[in-house]
Amino acid sequence: MKRGLLIIVAAAILLSAVGCTAVTPDNDTNLNRYSAQYITLFDTVTTIIGYAENETAFKAVAQEFYDEFEYYHKLYNVYDSFDGINNIKTINDMAGIEPVKVDSPVIELLQFCKNMNEETDGTVDVTMGSVLLLWHDAREQSADDPNSAYIPDAEALQEAVKHTGFDKLVIDEANSTVFLTDPLARLDVGAVAKGYAVERVCEHSPRGFLISVGGNVKATGANPVTNEPWVVGIQDPDGGPNDYVHTIYTENTSVVTSGDYQRFFTVDGVSYNHIIDPATRFPATRWRAVTVLCLDSGIADVLSTALFILPMDKGKQLLELYNAEALWIEASGDVHYSDGFKAFIKR
């Protein structure tokens, strides 16, 4: 699939802000609702929603958000190089050659990924880049020419697995370097980077904004006009973009969904989504979608992928570790909830 074509498709996943049109100014606050949207970050759509006295004031804040997200977008990029920046692509390009000196957010992200890999029983593994690249190329081919769509060869996948594992990743915090010891090893932080970046940016951002980066949604406090939580929608996998399984309240909380119905391709009538189970090296098929609520957006991003792969009982054990909640949707359309999830539901 061409990366340009991924912009709208990947915007999905799978949450959208509800009621984002302009509203009448509040007499007490004299604030108007504004939104800004960008398509140049993380190969997806980034949306910033908030209130300000006027458009100029809002644009200034939105630009601050954009500038910070752009910094992380460049650092965590797998496909593109940027002048004066050593990023994830640089590390991959220098695999087996020499360590790469990187900015501290790269070290911090990879340490986070390593820790979360251990916590999730290996279901979220950023060292799987060699395997994920095979699936990426297959999706690209499907988008370019559906008649020649294919799935990766089993032997090629088995060979690629030999070049995965955190034992091949050397993180030297003292010297701020990262080194892949295997020349064919590759990092792919796609399952983590957006949520992790959202959390880092929102840690010190203005209060009262709603941020969505490719569907990784974070509220930085209550709606400043109503002083109530924001409301976001969880998309129905079998419906349109405005068809929701539920709308839920969020305030200082992250909402992240992983699903099989936005980024996929079809071969011989079988759909293959983009969430690869490291144990099988094939797309996970246990659930249609999983939505996670968690205070930390980076953790929510990891958990949504892990729970999409894991059976529900193991997923619930993970949720307890992070005081998080989740909703699971089966292929049949049946919906399941963790014990505390329903407290967030508006309808």
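Structure: above.
Here's what I pulled together on the structure shown here. (Residues numbered from 1 in each chain as written. Predicted model: local features only at pLDDT ≥ 70, side-chain atom pairs only at ≥ 80, totals over all residues. Heavy atoms only, no water.)

**Concerning the overall build of the protein chain**
Helices and strands together make up the secondary structure of the protein chain, namely 9 helices and 18 strands. Its C-alpha radius of gyration of 20 Å places the protein chain within 12% of the 20 Å reference for a compact globule of 347 residues. Projecting the C-alpha coordinates of the protein chain onto the three principal axes gives extents of approximately 65 × 50 × 40 Å. Evaluated residue by residue, the protein chain yields a buried proportion of 54% over its 347 residues. Carbon and sulfur atoms make up 48% of the accessible area of the protein chain, which totals about 15,300 Å². (Helix = DSSP H or I, 4+ residues; strand = E, 2+ residues; numbered from the N terminus. Rg over C-alpha atoms; globule rule 2.2 N^0.38 Å. Buried < 20%, exposed > 50% of the residue type's maximum accessible area, 1.4 Å probe, protein only. Areas by Shrake-Rupley, 256 points an atom, 1.4 Å probe, with all protein chains shown as cover.)

**Considering the sheet that holds strand β5 (residues 169-172)**
Overall, antiparallel pairing links the 3 strands, which are arranged β4-β6-β5 in an open sheet. Across the chains shown, the open sheet's two edge strands, defined by having one partner strand only, are β4 (100-101) and β5. Bridge count for β4 against strand β6 (residues 177-180) is 2 bridges, and the pairing is antiparallel. Bridged to lysine 101 within β6 is threonine 177. (Pairing = 2+ DSSP bridges.)

**Considerations on the packing of helix α7 (residues 193-202) against helix α8 (residues 297-309)**
α8 packs onto α7 with a crossing angle of 165° between their chain directions and a minimal axis gap of 6 Å. Classified by the angle their axes make, α7 and α8 are roughly antiparallel. In terms of crossing hand, the pair formed by α7 and α8 is right-handed. Along its contact with α7, which presents Ala193, Lys194, Gly195, Tyr196, Val198 and Glu199, the element α8 presents Ser297, Gly298 and Asp301. Partitioning the contact of α7 with α8 into residue classes produces 3 nonpolar, 3 polar and 3 charged. (Axes fitted to C-alpha atoms, helices over the stretch in contact; angles between N-to-C directions. Parallel < 35°, antiparallel > 145°, perpendicular 65-115°, else oblique. Left-handed = near helix turned anticlockwise from the far one by under 90°. Contact = heavy atoms within 4.5 Å. Nonpolar A, V, L, I, M, F, W, Y, C, P; charged D, E, K, R; others polar.)

**As for empty space enclosed by the protein**
Tallied over the full model, the rule gives 1 cavity of 30 Å³ or more. The calculated volume of the largest cavity comes to roughly 900 Å³. In this structure, the largest cavity is lined by 40 residues; those nearest its centre are Asp188, Gly190, Ala191, Lys194 and Arg263. Looking at the lining of the largest cavity, the elements with two or more residues in it are α1 (6-10), α5 (129-144), α7, β11 (254-259) and α8. Across the lining of the largest cavity, the residue classes break down as 18 nonpolar, 14 polar and 8 charged. (1 Å grid on protein atoms, 1.4 Å probe; cavity = no way out; pocket = protein on both sides within 12 Å on 5 of 7 lines; lining within 4 Å. Points joined across faces, edges and corners; volume = space filled by probe spheres on them.)

**Digging into the nonpolar core**
Membership of the largest hydrophobic core comes to 70 residues, with the highest contact counts inside it found for Phe69, Tyr76, Ile91, Leu110, Val192, Val292 and Leu307. Listed in part, the 19 residues of the second largest apolar core include Leu31, Ala219, Ile248 and Leu293. (Core = buried A, V, L, I, M, F, W, Y, C linked by side-chain atoms within 4.5 Å.)

**Considerations on the side chain of lysine 194**
One can find lysine 194 in helix α7. An unpaired buried charge is present at lysine 194: no salt bridge exists, and aspartate 301, the closest side chain of opposite charge, is 5.2 Å distant. Apart from the residues lying within four places of it in its own chain, the contact partners of lysine 194 are Phe42, Thr44, Val213, Gly214, Asn216 and Asp301. (Lys, Arg positive; Asp, Glu negative; His and termini not counted. Salt bridge = Lys/Arg side-chain N within 4 Å of Asp/Glu carboxyl O.)

**Some details on the packing of aromatic side chains**
By convention here, two paired aromatic rings are described through the distance between centres and the angle between planes. Per the counting criterion, the structure on display carries 15 aromatic pairs. Between tryptophan 287 and tryptophan 328, the ring centres sit 6.4 Å apart and the planes meet at 50°, which makes this aromatic pair tilted. Linking tryptophan 287 in the loop between β15 (282-283) and β16 (289-294) with tryptophan 328 in strand β17 (residues 325-329), this pair joins segments that are 41 residues apart in sequence. Judged by relative accessible area, tryptophan 287 falls into the buried class, the value being 8%. Residue tryptophan 328 is classed as buried on the basis of its relative accessible area, which comes to 0%. Three or more aromatic residues joined by ring pairs make a cluster, and in this case those are Tyr71, Tyr72, Tyr76, Phe112 and Tyr196. (Phe/Tyr/Trp six-rings, centres within 6.5 Å; stacked < 30°, edge-to-face > 60°.)

**Digging into the sheet that holds β11**
Read from one edge of the open sheet, 8 strands run β2-β3-β7-β8-β11-β16-β17-β18, paired in antiparallel fashion. Looking at which strands have only one partner, the edges of the open sheet turn out to be β2 (32-41) and β18 (335-337). On average, each strand axis in the sheet is inclined to that of its neighbour by 15°, with strand direction left out of account. Direction of pairing for strand β3 (residues 44-52) relative to strand β7 (residues 210-213): antiparallel, over a ladder of 4 bridges. In the strand pairing of β7, threonine 47 is matched with serine 212. Set on the sheet, α7 makes contact with β3, β7, β8 (216-219) and β11; between it and β8 the angle comes to about 15°. Running at roughly 25° to β11, α8 makes contact with β8, β11, β16 and β17 of the sheet.

**Some words on the environment of aspartate 236**
With respect to the helices, strands and loops of the structure, aspartate 236 is situated in the loop between β9 (230-235) and β10 (244-250). With a relative accessible area of 26%, aspartate 236 lands in the partly exposed category. A sequence separation of 171 residues divides aspartate 236 from phenylalanine 65, and the C-alpha atoms of the two residues are 29 Å apart. The contact partners of aspartate 236, leaving out residues within four places of it in the chain, are Asp243, Tyr244 and Val245.

The values are spatial; any link to function lies outside them.
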